Amino acid sequence: MYDIVLVYHSDIDECASSPCWLGGTCLDHVNGYSCVCPKDAAGKICETASFAGECYQFSPIAVSYRDAARACRATEGHLVDVNDEQQQRLLADNIAASSGVSNWLATRTAPLPLLTSDGSPFSGHIQWSAGEPLSPFDLCVLLDSSDNYQAKIALCTEQYNYVCQSALKPCQSDVCQNGGNCTSCFNETTTFCDCPDGFEGNFCETNIDECASNPCQHGGTCQDDVNSYSCSCPTGFIGDNCESEMDWCSVVQCPFGWICQVSTSSFQCVDPAPITREFPYQCRSASCPDGMYCTEETIASFSCRVE
Ligand SMILES: [Ca+2]
Ligand SMILES: [Ca+2]
């Protein structure tokens, strides 16, 4: 008796759950995935974006307002401030393209007044933890995903996702290659490279292949350059893309007094007065330009054709 063991090697599609945010493209790998983020987004799942001169980081987890504020401070940012409806709409669109759930804003009510033992207002000076004093009954503001990201009041102790905000600054250490312009946020944990024409990639490390579209015609050879390309054309073709057939008769010389007639990839030299010829024309090495071969056609004509 033999046990028959069937082993299936099946790779799970880690992109099936659409893990990349903000329009990032997911690449499935063995045991994982990676995200290719759009130009103004960055991070493992494209969770950080720059727009309107500021940086925004969208959290994948739900925590209390206080923990959210603390997490943002830890990255040298702060909970997102929304001051007008346009900003709210922009933020809402980006939340919808990331976690898609409700998110805390920085806005909250002032802490409730502190009282002493006899009920009078506390006016002493004591040292507080960061973020304190914050009572469990303080109220905070969130953008409510169940109501088209309108603002809504909630207890600050409830748990929601959050958005951290940070100014976009020039980079202290320039990580961009090939002359890319470097900006950073969240204490340089996120950097953006604005690439010069002809380069792409997170660090402008990729010289875009302008030959990829096969611009050279008629079998021309393409040479990639920075934001440009050049074509080496086969004999008989000219132009930036080898698109034009050579007008041979304008560049070659037939024997003195002979007539040049051009045709596809060749030309012919014809003696207009063949009757005076004593001997048939004999091809010589100088009869045709380099790259062409000579053929005697009649007693008084020969052609040059591309080899
Ligand atoms: Ca996979
Ligand atoms: Ca290039």
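Please refer to the structure placed before this passage.
Given the structure is predicted, the values throughout are model-derived calculations rather than measurements.

Regarding the environment of asparagine 103
Working step 1: Note that asparagine 103 resides in strand β7 (residues 103–108).
Working step 2: Asparagine 103 sits in the buried class, given a relative accessible area of 1%.
Working step 3: Linking asparagine 103 and leucine 143, residues 40 residues apart in sequence, is a C-alpha distance of 5.4 Å.
Working step 4: When sequence neighbours within four positions are dropped, the list of residues in contact with asparagine 103 reads Ile95, Leu142, Leu143, Asn161, Tyr162 and Val163.
Working step 5: A polar side-chain atom of asparagine 103 sits 3.0 Å from the main-chain amide nitrogen of tyrosine 162.

Quick look at the coordination of the calcium ion (ligand 1)
Working step 1: Those donors, Asp11 (OD), Asp11 (OD), Ile12 (O), Glu14 (OE), Asp28 (OD), Asp28 (OD) and His29 (O), are the protein atoms that reach the calcium ion (ligand 1), and they lie 2.2 to 3.1 Å from it.
Working step 2: As a motif over one chain, the donors of the calcium ion (ligand 1) read D-I-x1-E-x13-D-H. With isoleucine 12 in the segment before β1 (25–29) and aspartate 28 in strand β1, this pair connects stretches of sequence that are 16 residues apart.
Working step 3: Judged by relative accessible area, which is 60%, isoleucine 12 ranks as exposed.
Working step 4: Aspartate 28 gets classed as partly exposed once you look at its relative accessible area, which sits at 32%.

Here's the deal with the sheet that holds strand β12 (residues 181–185)
Through backbone hydrogen bonds, the strands of a sheet pair up, either in parallel or in antiparallel fashion.
Working step 1: Taken in spatial order, the three strands of this open sheet run β11-β12-β13, and their pairing is antiparallel. Strands with a single pairing partner mark the edges of an open sheet, and in this sheet they are β11 (169–170) and β13 (190–194).
Working step 2: As paired strands, β12 and β13 are joined by five bridges and run antiparallel to one another. Within the sheet, the bridge partner assigned to serine 184 lies in β13 and is threonine 191.

Here's the deal with unusual backbone geometry
Working step 1: Backbone geometry places cysteine 46, a non-glycine residue, at a positive phi of 60°.
Working step 2: We note that alanine 52 has phi near 55°; this positive angle belongs to a residue other than glycine.
Working step 3: Its place among the elements puts alanine 52 in the loop between β4 (48–51) and β5 (54–58).
Working step 4: For alanine 52, a relative accessible area of 71% puts it in the exposed group.

Cut-off values and rules
- All residue numbers refer to position in the chain's written sequence, counted from 1.
- As a convention, the first chain written is A and the first ligand written is 1, with the rest following in written order.
- Two thresholds apply to this predicted model, a pLDDT of at least 70 for residue-level local features and 80 or more for giving and counting side-chain atom pairs, whereas whole-chain, interface and lining totals are computed over all residues.
- Heavy atoms throughout the structure, all of them, feed into the side-chain values; hydrogens and water do not.
- Helix numbers and strand numbers start at the N terminus; a helix is a DSSP run of H or I with at least 4 residues, a strand a run of E with at least 2.
- Think of it in three bands: residues with accessible area under 20% of the maximum for their type are buried, residues over 50% are exposed, and the middle band is partly exposed, with areas taken using a 1.4 Å probe on protein chains only.
- Residues are treated as being in contact if the distance between any of their heavy atoms lies within 4.5 Å.
- Pairs of N or O atoms are called polar contacts if they sit within 3.5 Å, as long as, within protein, a hydrogen donor faces a hydrogen acceptor (for residues adjacent in sequence, only side-chain-to-side-chain pairs).
- Ligating atoms shown are N, O and S within 2.8 Å of the metal, or 3.2 Å for Na, K and Ca, and water is not included, meaning a site may look less than complete.
- At least two bridges found by DSSP between two strands is the condition for calling them paired.

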